[in-house]
Amino acid sequence: MEQHIDAMDRFLASVERRAFCVARIATGDREEALDIVQEAMLNLVRKYRLRPQEEWRALFYRILQSRIRDWRRRIRVRKRFMTWLNLWRDPEDPEREGKLEASEKADGLDPEQEAAQGETHRVLEEALHALPKRQQQAFLLRTWEGLDTQETALAMGCSEGSVKTHYSRAIHALREMLDSRWP
Amino acid sequence: MAVDVQEKEERFVKGIRAALERNAQALDRDTIRRLKQARRNALVEGTLMTPRPWRWMGIPAAGLAGLAVAVVALLMHFDRPPAFQATHQIEALEILTSRDDLDLYGDMEFYVWLSEDEGHAG
């Protein structure tokens, strides 16, 4: 049993940084990303630690994507509620538009992070964040995590054909967005 | 020509991968610390909170406790040493020969029911 826990510890240590970066690209928020990674780790250990180790990677990213999806749903519900609340409180409020934009803008990195990362990283993360979600998932899982098409399909909960389509479109979209800004 | 396009695409993807990896390695100390903490928490909490089998069977905890008491009582009944049995018989005799109103003992069931009923109402 201890060996199993050690193996799980090593596995989580090998994926935690990338998982955080994936979650941060998806949410644009460091704290949300940390919460999502924590939940994904807990879920994997609780429900799947006895599965064969070769399945852990795909399972972990499946859980991670699921948590990211839950986060997006919560944000959508929150936005709708805030929109309704702002309309109800004072439809004539001249600052309402600004408030809405502020609540919608969940995609900015804080100034300290921007300075540390530099222009290249900022440009890259902005481009990845702007991708349609399925393309973003397929690209990061295939390119960065090194999952093959089958594993990516399992992580995304879709067919291998869909993975290939999303991946191909992601590359095309990134090339257009990055173009001259990419070294 | 097609090879060129493919090579260009591979170089492009490789460049992005390298940039993402550099980004991941350059995380600030606080984030790294919190990720380690998250990992430790997951390993501790994830292995502690294993569901108990009786939950899957749909048996509530109170029912299980009651069943356990009944089983223990039954075992004690059958395992009672002779001395205990004799004491029990003497107690019964004392009740029967006491000057107390035996009606009280007949009403015992009623009082037990009443106390249970008050407990539910409360």
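Residues numbered from 1 in each chain as written. Chains lettered and ligands numbered in written order. Predicted model: local features only at pLDDT ≥ 70, side-chain atom pairs only at ≥ 80, totals over all residues. Heavy atoms only, no water.

Visitor: How do you make sense of the overall build of chain A when you look at a structure like this?
Guide: Scanning chain A from N- to C-terminus turns up 8 helices and 0 strands. Long-range contacts, defined here as pairs at least 24 residues apart, represent 65% of the contacts in chain A between residues at least 6 apart. Accessible area for chain A stands at about 9900 Å²; split by element, carbon and sulfur atoms hold 48% of it. (Helix = DSSP H or I, 4+ residues; strand = E, 2+ residues; numbered from the N terminus. Contact = heavy atoms within 4.5 Å. Areas by Shrake-Rupley, 256 points an atom, 1.4 Å probe, with all protein chains shown as cover.)

Visitor: Got a minute to help me understand the interface of chain A and chain B in this structure?
Guide: Interface size is often expressed as the accessible area that is lost when the parts come together. At the interface, 37 residues of chain A touch 32 residues of chain B. For the pair chain A and chain B, the summed buried area comes to about 3200 Å², and 64% of that belongs to carbon and sulfur atoms. Its largest share of buried area at the contact with chain B, chain A owes to Arg-17, Trp-144 and Arg-175 of chain A, together 19% of the area lost on that side. Linking chain A with chain B are 6 salt bridges, by the criterion used here. Arg-18 of chain A is the salt-bridge partner of Glu-21 of chain B, the closest N and O atoms lying 3.0 Å from each other. Our enumeration of links across chain A and chain B arrives at 14 residue pairs in polar contact (both at pLDDT 80 or more). Those elements giving two or more residues to the side of chain A that touches chain B turn out to be α1 (2–27), α2 (30–48), α5 (111–130), α6 (133–144) and α8 (160–178) of chain A. Here the side of chain A that touches chain B takes 12 residues from α1 of chain A, the largest share from any one element. (Buried area = accessible area lost by both parts, 1.4 Å probe. Salt bridge = Lys/Arg side-chain N within 4 Å of Asp/Glu carboxyl O. Polar contact = N/O pair within 3.5 Å; in protein donor to acceptor, adjacent residues only side chain to side chain.)

Visitor: Quick question: what am I supposed to make of the packing of α6 of chain A against helix α7 (residues 149–156) of chain A here?
Guide: Geometry of a packed helix pair, given as the angle between the helix axes and the separation of the axes. Residue and element names in this part refer to chain A. Packing of α6 against α7 brings their axes to within 10 Å, and their N-to-C directions diverge by 140°. With respect to their mutual orientation, α6 and α7 come out oblique. The handedness of the crossing between α6 and α7 is right-handed. Between α6 and α7, the residues in contact are Arg-134, Gln-137, Ala-138, Leu-141 and Arg-142 and Thr-149, Thr-152, Ala-155 and Met-156, respectively. (Axes fitted to C-alpha atoms, helices over the stretch in contact; angles between N-to-C directions. Parallel < 35°, antiparallel > 145°, perpendicular 65-115°, else oblique. Left-handed = near helix turned anticlockwise from the far one by under 90°.)

Visitor: For this particular structure, what's the right way to read the nonpolar core?
Guide: Taken as a class, soluble globular proteins show a tendency for nonpolar side chains to be buried jointly. Core analysis: the biggest nonpolar cluster contains 64 residues, and Leu-12, Phe-60, Leu-64, Leu-128 and Phe-139 of chain A have the highest contact counts within it. When residues of this core are assigned to their parent elements, the largest contribution, 12 residues, is made by α1 of chain A. Once residues lying within four places of it in the same chain are set aside, the contact partners of Leu-128 of chain A are Ile-25, Gln-136, Phe-139, Leu-140 and Leu-174 of chain A together with Leu-20 of chain B. (Core = buried A, V, L, I, M, F, W, Y, C linked by side-chain atoms within 4.5 Å. Buried < 20%, exposed > 50% of the residue type's maximum accessible area, 1.4 Å probe, protein only.)

Visitor: Would you mind showing me how to read the packing of α6 of chain A against α8 of chain A here?
Guide: All names here are of chain A. Relative orientation of the contacting elements α6 and α8 amounts to 95°, with a least axis distance of 8 Å. Of the possible angle classes, the one that applies to α6 and α8 is roughly perpendicular. Where α6 abuts α8, its residues Arg-134, Gln-135, Ala-138, Phe-139, Arg-142 and Thr-143 lie against Val-163, His-166, Tyr-167, Arg-169, Ala-170, Ile-171, Ala-173 and Leu-174. In terms of residue class, the contact of α6 with α8 is built from 8 nonpolar, 3 polar and 3 charged. (Nonpolar A, V, L, I, M, F, W, Y, C, P; charged D, E, K, R; others polar.)

Visitor: Honestly, α7 of chain A in this entry has me stumped. Any pointers?
Guide: The periodicity of an α-helix, 3.6 residues per turn, causes residues three or four places apart in sequence to face the same way. Residue and element names in this part refer to chain A. Along α7, the residues that are buried comprise Thr-149, Thr-152, Ala-153, Ala-155 and Met-156. When α7 is viewed along its axis, its buried side chains cluster within an angular range of 165° and face the same direction. Looking at where α7 begins, the residue whose side-chain oxygen comes 3.0 Å from the main-chain nitrogen of Gln-150 is Asp-148. Where α7 ends, the next residue or the one after it, Gly-157, has phi of about 70°, a positive value. (Arc of directions from axis to C-beta.)

Visitor: Got a minute to help me understand the pattern of salt bridges in this structure?
Guide: For side chains bearing opposite charge, pairing can occur when the charged atoms are close. If you walk through the whole model with that rule in mind, you get 16 salt bridges over all chains. Glu-31 of chain A is the salt-bridge partner of Arg-30 of chain A, the closest N and O atoms lying 3.1 Å from each other. On the accessibility criterion, Glu-31 of chain A (36% relative accessible area) is partly exposed. Residues Asp-70 of chain A and Arg-73 of chain A are paired through a salt bridge, measuring 3.1 Å at the closest nitrogen-oxygen approach. A residue pair is termed a helical-turn pair when its members lie 3 or 4 positions apart in one helix, as Asp-70 of chain A and Arg-73 of chain A do in helix α3 (residues 56–89) at 3 residues. For Arg-73 of chain A, a relative accessible area of 43% corresponds to the partly exposed category. One network of salt bridges, with partners in common, ties together Arg-30 and Glu-31 of chain A together with Asp-28, Asp-30, Arg-33 and Arg-34 of chain B.

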